[in-house]
Structures are given as structure tokens and as C-alpha cells.
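# Fold and geometry: a report
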Amino acid sequence: MATEFAAEQKERFQRFLLDTTKGFDYLSAISSLGKQADRENETGGAARLEVKIHDLDRYQPGLAALVMRFPAKYVPPFEEALKLVVAEENQKLYQELLRRQKALRVALVGQFGRQHVTPRGLNSAMINRLCLVRGIVTKYTDARPKLLTSIHFCPRTGVVTDKVHRDATSLAPQTAVPGFVQRLDEDGNELNFEWGLSEYKDTQKFTIQEMPEHAPSGALPRYVDVIAEDDLVHKVKPGDRVEITGVYRTLVGSQPNASGVFNTVLISNCVRQLGEDIKQAELKPADIEAIRSIASKPDAFELLSRSIAPTIFGHEEVKKGLLLLLFGGAEKNLENGTHLRGDINILLIGDPSCGKSQLLRFMLAVSPHAVSTTGRGASGVGLTAAVTRDELTKERRLEAGAMVLGDRGIVCIDEFDKMSTADRTAIHEVMEQQTVTIAKAGIHTRLNARCSVVAAANPIYGNWDDSLPLSKNVNLPDSLLSRFDLVFPIRDLGSMERDRKISQLVMEPMTKRMQTDSGTDILRNFVHTSVIEPDVKAAEAQEAPTTVFSTSHSVRDEAGRILQVVTSDFLRKYVRYAKARPEPKLSDEAIEVMARKYSELRQHVQASQNKEAEQSVTTRALEAIIRLGTAHARLKLNTQIEVSDILAACELMWKSRNVPFDNETGFPDATPPGDDDEGG
């Protein structure tokens, strides 16, 4: 019966691949498999045909559900049908694939409905089902060859025999004692195992974990081990965000298990890299119109900066810096291999109870991809990467740290001053080169860590000491301080009027019920679900344009007037839209002003009477001005970086360094030495 069922399904899938009347044409896709093999330019592995799961339903309603429910019954006949179609319709391609020893595989992609989940959504109901799992790669091992077919030669009889090996990771029925090399035949004659004539395939194991934005608050992130074979090996590395189509299976060992609990793995069928913008609401025309309207306002910078943590009073310059960090600069990769980072790094140093941690929390909430850690709870390898040993296989594997997991996002480090010197040294490379180089235990590799760093620290003596320079207040070396584009000292200098306003702002949320910007209870936004595929209600909610101005938070100026702030959802869309536009280019006037401003800042520091109290100015400061100016131009949706953008960036940097700045001319009040008299 099983053979007849497989033959029927093979004929069905063969007709599906040959059908061109339902709006899909897989014969053309099959012809491109040869180009795929040419790109890989190697022997072995597999050529994989991507089939959209909803095309199966278009061909025959209900077929997609059967394939997802019983992949072990339907996927092997599907691949056999693909092999027949290629052999009949494209004999040249078939012979080329045979010559390169490439197997033909089917990769199922598309919408999986309720079976599109995170690792937390994998449960006993999904055992032996085809599902789509989204996560971030945290660990991986080296690729190893696995025995497929062993060849045996009997010297006494001269007979050559073969044995097929299939273990629990194969969708086909498992063979008896897979991997066991037979030494004697049925008559007791000795057999020689021909290693060179046997057939193997590559296999690799890696681990994917819940993304930080998908994991519920206060819960440990779930993970699942993934088995990749043939052409799917070496497709990912730690820190990559991926979607894995595969079969969720239990690995039953040979030893008896009294508890009945076994290890589970995901047998991959397709591995796809995810882009930066995932799980984000689509931009509606009304949203784009509102974004352009705000960008055209002369006070757009101030309006959006007020929207950064509106519940925290003051810190206007700090909020402007954090806003520019969200937009970011332009990353440059030169022809000689030099990488110039476009991400902005900010350090907040100040007295306790000034809202530094709350600012970091807001950045975590508003950023689509952010990772949080603390100085006391993180080690150097925990921030970068570590080499560990697998408990079962005893193999060494690479495990990604927080900064690798935060690739293309933001890493928030609280209590930065509590880190040991050795651990802080480990992040020097990440903050400038944006890579993590590993040379341990025979593993030599380089991982991407292209992230912005927002760190918060307390002064070494608890409170800020005006008699000490910046480096002595925080006990950080200049080599690390220079890697931060902006360093903001935050002081707790209050007056009676300021303290009264802060107390009112603190007491306001406690005296009235907190409502979200859409009018629903704020706790509803924290209901977690492990299913990624949106339901009908969520899809309908996304159809409505996002509320632009917040009604639950109010910001007042010095005169007590209420100022507008935008909602967090709208701010996310604004940042996304601005970053998706072409990156702005530097104008000639902006380059000239920027060079002059940088030289003036250098001269100001050199002419200072107390040079130890001044933060050193290096060429990294010049690059920081470019990044900040680019972010300001992006905020205004400009295609060119003008002089006004550079002056806004310089003003922010000057104020963070406590250097006098003239708002009218854009030049420091202090005249550079040697220029006060025309005749010297």
C-alpha cells in the first residue's frame, strides 16, 4: 500500500510541475537550476527548487494542508517527481546535475498560517509537521560528512554490495542501525569497507533563538536546534535573522528512556535570510503624507526629539542625540576593504536618579531591533562571541554574544561603569570596526556586529565632581571615550521651579488611568503570542493610519504651555521611511564648513588652560560630525547634507562637550589663538 500511495503522489506532483494553466510555471524555474549549480560551482550538495505552498492549493484545494500535515508522506514523492520531470524535460540539465553529484530537492516557501511560529510556538501538536520558524542564529557547528551509501567488497567471493543509511533526520523510512559499517556478510565472509567509493552528504547543526522583540518580557528566550544538509550548510552564521522551513521531529535514541521525553530538532527544508524590516506595519499613504508634513516643519527636529521618552523631564540635548541615533549615518565600504561605520554611539554619564535607564528603556521599545544588557551581568565574551563545547557531540561551536545578536540594531548597556577593564576592552573592535574576530580553539572567523551602542554609566564617586575631568569622573580610557560620538554628562542640578515641574510629571501617571494612544488599555499591548502570522483583527487594525500626535503624554515648556509630541508607533514609521530613502550626499559648502568647524574645535581644546578637563578631539570626532549631519538630513528627508545639517550636528557635539556655541553664526564664542589681531 505504501508503494502504491507513493506512486500515486509522484504522478500527482509530476502533473503539478508540468501544469502551466493555473498561473504558475515551474518548468521555467527548473531550467534555472542549472544557473544555480553554476553559481555554486562545486561538486556535491543539492539543487533546490522553491515551490510556493499556496500554488499547491491553486492546483488542487487541500493539497497544501496535506503536505504540511504529513511531510514524510508527500515530500519524498514530490522530490522523486521533480527528478522525473527534469530527466524528461531537460536531459542536458539532468546529466549535468548527475555529473556534479547534485541531488534534486524541493524547498517549500510561502504563507504557513498558524504554523508560522517562533521557537516558543513549537509544541507537541507540531511533531512531524511542516512549519515555518523565525529566529536568530546563536550557535553553529562545523559541517561534517554523513554516510549515505556504504560500499562493501568481499575479497573471498569478489562481490560488491552497498547499504543505504537513513537516520531519524531523513523523511524516508529509517534503516536498521544507520551509520553501522557492516564487517561480515550473511555467510560470515569478511567485508572491506570502501571509504572512497561510498556516498556522503554534508550536515550541520545550528541553533535559532527567539528574537528579542518576539520574546515575552521577563521570560527566558526559547530555542530550537536545526539540522541543515546538502546545500543548506554554511548558509547562516551567528547573529543572522532567518526563517527556517522544516519538519519538527523527535530524536529517539537507541537507549531506553523511562520518562518518554526526547530531544527535538527541526529538519530544515529551506533556509532564508531575513531583511532589516520585519514584522513592521506597512506604510499607508496617510502615514507618508503625515511624515512629509512633519519633515517640512522648521521645528521638526525639536518636535521629534520631544517625543523621545516624553515622560522624562528635560534632557533636551540628550533626546536630540538619541533621535539622531535612531536615524543613523551612512555606512561606507570602500574598494580597498575599509569599513566606515554609519551607526552612532552615545554614552550617558550622570548622577543617579536622572532617568538614564528610562531613556535606554525607551530606545529598546521604539527600536525595531534592540538588545539589552548590563555591565555587571555581561562579560566580554557575552557581549561579543564565545567558543563552547557541545555536551553531546563534544564538538566546539561558536556562540554569539549580545552585540552580534544586535547586528543592524541597537545595543543598550546599562551600568556601563560596572564592567571590568578586561570586559570593556573586548568591545573596542565592535564599536569602531563593527566586527568580532574570533581566534580560539582552532576556530578563526569574523562575525558582523553592525550596531549602535547606547551606554549609561554613573560617575566613579557616585556623583559628578566638577573638579575632575570627564575621564577621571567615569574612569574610562580615552581610547574608549573617543569611540562614542556623543558623551552627555547628566547633572542633578535642580531649582525649586524645576523640582516642582518634575514632581508634577512624576505624579501625573499615578493620578489617572494610563491609556495608550489608540485609547485601549496599555496592558493589552503586552499579551504575547508565539504565532507570527497575523490574524484578521490585527490585519484590519493595521489598515487604519497610525495616530500622529499623542493624547496620553503632554510636554510643557518653561512657560507652562503644552507642546505636541508624536506617538511611538508613528516615530517608528517615520524612522523606517527616512532610512529607506536614498542616503543624502555631502554638499561642497557642507564639507568646507565641517572642515573649518573641526579645526576650530581642535584649536579650542589646545588653547584650553585645563587640557586634562577637555575630552580629546581626534579624527573620530570629524567622522562623528558626518554621521550626525547625515542623520539630521535624513530626519528632514533631504537628499543632500546642507550647511544647516552640519551646524546642527556641531551644535549638539559642542554642547555635549560643554564648549560655548553661538547659535546665530554657528561658530564658537572663543576666538582661535592667533586670530584676535590682524597683525599678530
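For the structure itself, look to the data block above.
In short, a report on the structure. (Residues numbered from 1 in each chain as written. Predicted model: local features only at pLDDT ≥ 70, side-chain atom pairs only at ≥ 80, totals over all residues. Heavy atoms only, no water.)

## A short note on the overall build of the protein chain
Tallying secondary structure elements over the protein chain gives 23 helices and 25 strands in all. For the protein chain, the proportion of its 680 residues judged to be buried stands at 47%. Excluding contacts between residues fewer than 6 apart, the proportion of contacts in the protein chain whose partners are at least 24 apart in sequence is 71%. When the accessible surface of the protein chain is totalled, it reaches about 34,400 Å², and 50% of it is carbon and sulfur. (Helix = DSSP H or I, 4+ residues; strand = E, 2+ residues; numbered from the N terminus. Buried < 20%, exposed > 50% of the residue type's maximum accessible area, 1.4 Å probe, protein only. Contact = heavy atoms within 4.5 Å. Areas by Shrake-Rupley, 256 points an atom, 1.4 Å probe, with all protein chains shown as cover.)

## A few points about the nonpolar core
Core analysis: the biggest nonpolar cluster contains 67 residues, and Ile-294, Leu-304, Phe-327, Leu-571 and Met-653 have the highest contact counts within it. Ignoring sequence-local partners within four residues, the contact set of Leu-571 consists of Leu-304, Ile-308, Leu-323, Leu-326, Val-366 and Val-566. Counting 56 residues, the second largest nonpolar core, distinct from the first, contains Phe-416, Cys-451, Val-474 and Leu-476. (Core = buried A, V, L, I, M, F, W, Y, C linked by side-chain atoms within 4.5 Å.)

## Structural notes on helix α23 (residues 643–656)
Taking 1.5 Å of rise per residue, the 14 residues of α23 would be expected to cover 20 Å, and the 20 Å separating its terminal C-alpha atoms lies within 8% of that figure. Residues of α23 that are buried include every one of Asp-645, Ile-646, Ala-648, Ala-649, Cys-650, Leu-652, Met-653, Trp-654 and Ser-656, and no others. Looking one or two residues beyond α23, the residue adopting positive phi is Asn-658, at roughly 60°. (Expected span 1.5 Å × (residues − 1).)

## Focus: the pattern of salt bridges
With the rule as written, the count across this model stands at 24 salt bridges. For the salt bridge of Glu-302 with Lys-320, the shortest nitrogen-to-oxygen distance reads 4.0 Å. Taken together, the residues span a long stretch of sequence, with Glu-302 in helix α9 (residues 300–306) and Lys-320 in helix α10 (residues 316–327) at a distance of 18 residues. Using a relative accessible area of 32% as the deciding quantity, one classes Glu-302 as partly exposed. We note a salt bridge from Lys-597 to Glu-600, for which the minimum N-O separation is 4.0 Å. One end of the pair is Lys-597 and the other is Glu-600, both in helix α21 (residues 588–607) and three residues apart, which spans about a single turn. Both residues of the pair, Lys-597 and Glu-600, count as buried. (Salt bridge = Lys/Arg side-chain N within 4 Å of Asp/Glu carboxyl O.)

## Description of the pairing of strand β20 (residues 452–457)
Of all the six residues making up β20, six are buried; the element is thus mostly covered by neighbouring parts of the structure. The sheet contact formed by strand β13 (residues 346–350) and β20 spans four bridges and is parallel. The partner of Leu-347 across the bridge, within β20, is Ala-455. (Pairing = 2+ DSSP bridges.)

## What about α21?
Across its 20 residues, α21 extends 29 Å between first and last C-alpha, which sits within 8% of the 28 Å expected from 1.5 Å per residue. Each element contacted by the buried residues of α21 is listed here: β24 (585–586), α22 (619–635), β25 (640–641) and α23.

## Describing empty space enclosed by the protein
In the structure shown here, the tally under the stated rule is two cavities of 30 Å³ or more. In this structure, the largest cavity spans a volume of roughly 50 Å³. Around the largest cavity, the lining residues are Ser-482, Phe-484, Asp-485, Ser-616, Thr-618, Arg-620, Ala-621, Ala-624, Met-653 and Arg-657. Its residues assigned to classes, the lining of the largest cavity shows four nonpolar, three polar and three charged. (1 Å grid on protein atoms, 1.4 Å probe; cavity = no way out; pocket = protein on both sides within 12 Å on 5 of 7 lines; lining within 4 Å. Points joined across faces, edges and corners; volume = space filled by probe spheres on them. Nonpolar A, V, L, I, M, F, W, Y, C, P; charged D, E, K, R; others polar.)

## Quick word on the packing of helix α11 (residues 356–366) against helix α20 (residues 568–580)
One way to put it is that α11 packs onto α20 with a least axis distance of 10 Å and a crossing angle of 65°. In this view, α11 runs roughly perpendicular relative to α20, as classed from their interaxial angle. Note on element contacts: α20 touches α11 through Ser-568, Leu-571 and Arg-572, opposite Phe-362, Ala-365 and Val-366. Tallied by class, the residues present in the contact of α11 with α20 amount to four nonpolar, one polar and one charged. (Axes fitted to C-alpha atoms, helices over the stretch in contact; angles between N-to-C directions. Parallel < 35°, antiparallel > 145°, perpendicular 65-115°, else oblique.)

## Things to note about the sheet that holds strand β14 (residues 370–374)
Strand pairing within a sheet occurs via backbone hydrogen bonds; the two strands may be parallel or antiparallel. Taking strand neighbours across the sheet as the criterion, the five strands line up as β14-β17-β20-β13-β21 in an open arrangement whose pairing is parallel. If you trace the sheet from one side to the other, it starts and ends with β14 and β21 (486–490), each paired once. On average, each strand axis in the sheet is inclined to that of its neighbour by 15°, with strand direction left out of account. As defined by bridge partners, strand β17 (residues 410–414) adjoins β20 across four bridges and the pair is classed as parallel. The residue of β20 that forms the bridge with Val-411 is Val-453. Against the sheet, α11 makes contact with β13, β14, β17, β20 and β21, and its axis sits at roughly 160° relative to β17, the strand it touches most.

## Details of the pairing of strand β7 (residues 192–209)
Here strand β4 (residues 130–140) runs beside β7; their pairing, made up of four bridges, is antiparallel. What sits directly across from Val-137, in β7, is Ile-208. Pairing geometry for strand β5 (residues 144–153) and β7, over eight bridges, is antiparallel. Looking at β7, one finds that Pro-145 is bridged to Asp-202.

## Digging into the side chain of Asn-345
Inspection of the secondary structure puts Asn-345 in the loop between β12 (339–340) and β13. Among the polar contacts listed, one links the side chain of Asn-345 to the backbone oxygen of Met-431, at a separation of 3.3 Å. Not counting the four nearest positions on each side in its chain, Asn-345 is found in contact with Met-431, Cys-451, Ser-452, Val-453, Arg-483, Phe-484, Asp-485 and Leu-486. (Polar contact = N/O pair within 3.5 Å; in protein donor to acceptor, adjacent residues only side chain to side chain.)

## A few points about the environment of Thr-169
Examined against the element boundaries, Thr-169 turns out to sit in the loop between β6 (160–164) and β7. In the structure, Thr-169 is positioned 79 residues away from Tyr-248 in sequence and 10.0 Å away in space, judged by C-alpha atoms. Not counting residues up to four positions away in its chain, the partners in contact with Thr-169 are Lys-146, Ile-227, Glu-229, Leu-251 and Ile-267.

## Points about the packing of aromatic side chains
Counted by the stated rule, this structure contains 10 aromatic pairs. Ring centres 5.4 Å apart and planes at 40° place the aromatic pair Phe-16 and Tyr-26 in the tilted group. One end of the pair, Phe-16, is in helix α1 (residues 2–18); the other, Tyr-26, is in helix α2 (residues 26–31), and 10 residues separate them in sequence. Since its relative accessible area comes to 6%, Tyr-26 is described here as buried. (Phe/Tyr/Trp six-rings, centres within 6.5 Å; stacked < 30°, edge-to-face > 60°.)

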